[in-house]
Amino acid sequence: MKQPGFFDVDERLARLSGLGDQLEAFSRTVGFEAFRPDLEKALAYSGRSKGGRPPFDPVLMFKILVIQTLNNLSDERTEYLINDCLSFMRFLGLGLSGRESDAKTVWLCQKCLTETGAIQKLFERFDATLRNAGYLPMSGQILDATLVAAPKQRNTNGEKADLREGRILEGWEDKPVKLSHKDSHARWTLKFTKAKRQEDGTLPATDLALPFFGYKSHVSIDRKFRLIRKWKTTDAAASDGARLREGLLDKTNTASTVWADTAYRSKANEDFMDKEGFVSKVHRKKSHLKPMPPHIQRSNAGKSVIRSRVEHVFADQKSQMGLFVRTVGITRATMRIGLANIVYNMRRFLFLERLNASA
């Protein structure tokens, strides 16, 4: 093996930059120091009056969570790659020698952010950064939801019924390890998907219904920049439409128009939007056992051109970041999904800045 030279690391980093290191772009564009006040309050590191080694920098720990979310990594895999990847080290400001955070420290950081509910404050902090950069919510908003998978639970029908009622099963109190692995908040639901075209070119009369276990991510994006402005996490069986009236609508948007699919069409939602000053562009449903009138078909088709833009958000989170809830409980799932929403907005911010620079 060739003996390493003095400038080998710098040359390798320069090569990574030439190949388009996304983390390097994050460092240039995203002001991570803006998160420091909220992070210091959430992590609440104690003083060193009793001695001991100094705690890790809160901004450093948050950047580790950004890396973890971008690459869909477990805590153990995150620890390994921080020590292995030069691009990770450069993003975190670490050298080849020195002390790096381990998997336990990463887990503890997530735990602190979860218990303090700081993820919403961090999301709002970055949203303020976007607004200050000129990316105001404009041209109306689009609502939608997507299912986020979680580790499947192996329970009997009786245990499922007790968990839905919020009861702790008999005998589980004496088994805290087992209880800590039982998710009483995630739910089973059916995920409907279009049936594939058959060999003769015909389509089956019915679509496919696949069982799904986990949570649901509800978002509201602005039409102009496709940035997430409002979000909420529920179990997978929760209704999409009811969430519209639970803080998903952004009143700061410069336009009042709201686009959404038929799941959000209800009299309660239409009355709520009319009362709050929003203009509904929600898809209309087809009457049961009756063909849809042509004018409603044309109207829905025109709305779909705009509404479909929200699918870009979910595609980015699932295909690029591999969004998956590894934790147990809706509180931790909310932190995981909220962090994914922040990272998506960061990625979108980078794209918008490059677009403006090339214009």
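Summarised in this report is the structure supplied together with it. (Residues numbered from 1 in each chain as written. Predicted model: local features only at pLDDT ≥ 70, side-chain atom pairs only at ≥ 80, totals over all residues. Heavy atoms only, no water.)

**Points about the pattern of salt bridges**
Here the structure, examined in full by the defined rule, presents 20 salt bridges. When the shortest N-O distance is used, the salt bridge between R243 and E246 registers 2.8 Å. Overall, the relative accessible area of 11% leaves R243 in the buried class. Exposure remark for E246: the relative accessible area of 39% places this residue in the partly exposed category. In this structure, E276 and K251 form a salt bridge, with 2.7 Å as the shortest nitrogen-oxygen distance. Of this pair, E276 sits in helix α11 (residues 267–276) while K251 sits in the loop between β4 (228–235) and β5 (257–260), placing them 25 residues apart in sequence. By sharing partners, the salt bridges in this structure join D127, R131, D222, R229 and D250 into a single network. (Salt bridge = Lys/Arg side-chain N within 4 Å of Asp/Glu carboxyl O. Buried < 20%, exposed > 50% of the residue type's maximum accessible area, 1.4 Å probe, protein only. Helix = DSSP H or I, 4+ residues; strand = E, 2+ residues; numbered from the N terminus.)

**Observations concerning the packing of aromatic side chains**
The final tally for this structure, using the stated rule, is ten aromatic pairs. With 6.1 Å between their ring centres and 25° between their planes, F35 and F126 make a pair best called stacked. Pair noted here: F35 is in the loop between α2 (22–29) and α3 (36–43) and F126 is in helix α8 (residues 118–132), with a separation of 91 residues, a long-range link. For the pair F35 and F126, one class covers both residues: buried. Each ring, one from W188 and one from F213, has its centre 5.1 Å from the other, and the planes form 50°; the classification is tilted. (Phe/Tyr/Trp six-rings, centres within 6.5 Å; stacked < 30°, edge-to-face > 60°.)

**Concerning the packing of α2 against helix α4 (residues 58–71)**
Viewed as axis vectors pointing N to C, α2 and α4 meet at an angle of 140°, and their least axial separation amounts to 12 Å. Here α2 is positioned oblique relative to α4, judged by the angle of their axes. In the crossing of α2 with α4, the sense of the turn from one axis to the other is right-handed. Residue-level contacts link Q22, L23 and F26 of α2 to V66, I67 and L70 of α4. Tallied by class, the residues present in the contact of α2 with α4 amount to five nonpolar, one polar and no charged. (Axes fitted to C-alpha atoms, helices over the stretch in contact; angles between N-to-C directions. Parallel < 35°, antiparallel > 145°, perpendicular 65-115°, else oblique. Left-handed = near helix turned anticlockwise from the far one by under 90°. Contact = heavy atoms within 4.5 Å. Nonpolar A, V, L, I, M, F, W, Y, C, P; charged D, E, K, R; others polar.)

**Overview of α3**
The complete set of buried residues in α3 reads D38, L39, A42 and L43. Mapping the buried residues of α3 onto a view down its axis gives an arc of 115°, with all of them on the same face. If you follow the buried residues of α3, they end up packed against α4, α7 (103–116) and α8. One or two steps after α3, the chain reaches A44, where phi turns positive at roughly 45°. (Arc of directions from axis to C-beta.)

**Points about the side chain of R336**
Within the element layout of this structure, R336 appears in helix α14 (residues 330–358). No salt bridge is formed by the buried R336; its nearest oppositely charged neighbour, D75, is found at 5.2 Å. Other than its neighbours up to four places away in sequence, R336 contacts Q68, Q110, F324, R326 and T327. (Lys, Arg positive; Asp, Glu negative; His and termini not counted.)

**Examining the nonpolar core**
In terms of nonpolar packing, the biggest core is built from 58 residues, with F32, F35, F62, L113 and M346 touching the most fellow members. Those residues in contact with F32 that lie beyond four places of it in its chain are F26, V59, F62, K63, V66, F91 and M346. Among the nonpolar cores identified, the runner-up in size contains eleven residues, and L143, A145, L249 and V282 belong to it. (Core = buried A, V, L, I, M, F, W, Y, C linked by side-chain atoms within 4.5 Å.)

**What to know about unusual backbone geometry**
One non-glycine residue, N72, lies in positive phi territory at about 50°. Of note, N72 is situated in the loop between α4 and α5 (75–84). Given a relative accessible area of 28%, N72 falls into the partly exposed group. Its identity is not glycine, yet R226 carries a phi of approximately 60°, on the positive side. With respect to the element layout, R226 can be found in the loop between β3 (208–222) and β4. Here R226 falls in the partly exposed class, since its relative accessible area comes to 26%.

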